[in-house]
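Examining the three-dimensional arrangement
Listed below are the residues making up each chain.
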Amino acid sequence: RPYRHLLTQHLQAAMPKKRTVRKDNLLKKLIDEEKADEKKKEERKKRRDELREERRQDLVEKLEAVASGEAPTTKGPGGIGTADASGDVEMKSARGATKKQGVIKKIGKDKNKKRANKALLKVAKQQGVIHDVGQAQRLLEGRKPKRRTTPNGGERKRDQALRKRREKRERKGLTKRKDEDSDES
C-alpha cells in the first residue's frame with residue numbers, strides 16, 4: 001500500500017509547536033504569579049486586621065479607664081435636666097422636647113453596628129488619652145473614611161447632588177453664598 005506511511009504518520013503524536021509551548025508556559029507563569037499575589041495580599045490583610053484589633057483593644061481599655069475615673073452627671077427626675085452644685089436643676093425648654101418634624105432617613109444605615117460614645121471620646125481627648133476623636137471613632141466602629149472622589153477622580157454622585165442643590169438655593173437667594181464661591185466668580 002503506497003499510502004500506509006501517511007496513515008501511520010497521522011496517528012503518531014506530533015511534537016507541539018514552540019509558540020504554543022511558550023504561550024502555555026507564559027499563561028501558567030501569570031496564573032502562578034496571580035495566585036502568589038492573592039496569597040500575599042491575604043496575609044497582609046490578616047496582619048493589618050490583627051494590628052487594628054490590637055489597637056482597638058488598647059483604645060477600649062484606655063476609654064474604660066477614663067470612664068471609670070469620670071464622675072457621671074446626675075440627671076433630674078426622668079432625665080429632664082442636670083443638677084449643679086447648689087442642687088438646682090436646670091430645666092430644658094418644652095420646645096426642645098417636642099419631636100422634630102421631617103423625614104427620618106434610614107436608607108443605607110445599619111442600626112446593628114457598634115457606635116462610639118462621642119462625649120467619652122471628647123473627655124478622653126481633653127485628658128490627652130487620644131489625639132483625634134474622629135480617628136478613634138473610626139477605629140472603634142470599624143469604619144473606613146468615605147472617599148471624596150470616585151476612583152477615576154470624579155466627584156461622588158451624592159456630593160454632586162448636594163452641591164447642585166446648594167448652588168440652586170444660593171441662586172434663588174435663600175441662603176448666603178460661601179466665601180470660596182464668591183472668590184471664584
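Residues numbered from 1 in each chain as written. Predicted model: local features only at pLDDT ≥ 70, side-chain atom pairs only at ≥ 80, totals over all residues. Heavy atoms only, no water.

1. Concerning a negative patch on the surface
Taken together, the side chains of Asp32, Glu33, Glu34, Asp37, Glu38, Glu42 and Glu43 make up a negatively charged region of the molecular surface. Inspection of the secondary structure assignment puts glutamate 42 in helix α2 (residues 18-69). Relative accessible area serves as the criterion here: at 62%, glutamate 42 is assigned to the exposed category. (Patch = residues over 30% accessible without salt bridge, like charges linked within 9 Å, V, L, I, M, F, W, Y side chains within 5 Å. Areas by Shrake-Rupley, 256 points an atom, 1.4 Å probe, with all protein chains shown as cover. Salt bridge = Lys/Arg side-chain N within 4 Å of Asp/Glu carboxyl O. Lys, Arg positive; Asp, Glu negative; His and termini not counted. Charge placed at Lys NZ, Arg CZ, Asp CG, Glu CD. Helix = DSSP H or I, 4+ residues; strand = E, 2+ residues; numbered from the N terminus. Buried < 20%, exposed > 50% of the residue type's maximum accessible area, 1.4 Å probe, protein only.)

2. Structural notes on the layout of surface pockets
Of the volumes computed, that of the second largest pocket is approximately 380 Å³. It is α2 that provides the largest number of residues to the lining of the second largest pocket, a total of six residues. (1 Å grid on protein atoms, 1.4 Å probe; cavity = no way out; pocket = protein on both sides within 12 Å on 5 of 7 lines; lining within 4 Å. Points joined across faces, edges and corners; volume = space filled by probe spheres on them.)

3. As for the pattern of salt bridges
With the rule as written, the count across this model stands at seven salt bridges. Residue arginine 52 is joined to aspartate 49 by a salt bridge in which the shortest nitrogen-to-oxygen separation is 3.1 Å. Here arginine 52 and its partner aspartate 49 are both found in helix α2, three residues apart, which amounts to about one turn of the helix. Under the relative-accessibility criterion, arginine 52 is labelled partly exposed at 37%. Look at aspartate 49 and you get partly exposed, because its relative accessible area is 32%. Residues glutamate 170 and arginine 166 are paired through a salt bridge, measuring 3.9 Å at the closest nitrogen-oxygen approach. Of this pair, glutamate 170 and arginine 166 both sit in helix α6 (residues 157-172), four residues apart, which is roughly one turn of the helix. Here glutamate 170 falls in the buried class, since its relative accessible area comes to 7%. Accessibility expressed as a relative area gives 24% for arginine 166, which makes it partly exposed. Salt bridges linked by common partners bring Lys45, Asp49 and Arg52 together as one network.

4. Structural notes on the nonpolar core
Counting residues in each nonpolar core, the largest one holds eleven residues, listed as Leu59, Leu63, Val66, Ala116, Leu121, Ala124, Ile130, Val133, Ala136, Leu139 and Leu140. Take this core: its biggest share by element is four residues, from helix α5 (residues 133-141). Apart from residues lying up to four places away in sequence, leucine 59 is in contact with Ile130, Ala136, Leu139 and Leu140. (Core = buried A, V, L, I, M, F, W, Y, C linked by side-chain atoms within 4.5 Å. Contact = heavy atoms within 4.5 Å.)

5. Concerning the confidence of the model for the chain
Per-residue pLDDT for the chain has a mean of 77; in total, 65% of the residues score no lower than 70. Per-element mean pLDDT across the chain ranges from 51 in helix α7 (residues 179-184) up to 93 in α2. Long-range and interchain partners of residues 71-81, a stretch whose pLDDT sits below 50, account for nine contacts in this model, where long-range means more than four residues apart. A low-confidence stretch, residues 181-185 stays under pLDDT 50, and its non-local contacts, those more than four residues away or across chains, total one contact. (pLDDT = per-residue confidence, 0-100.)

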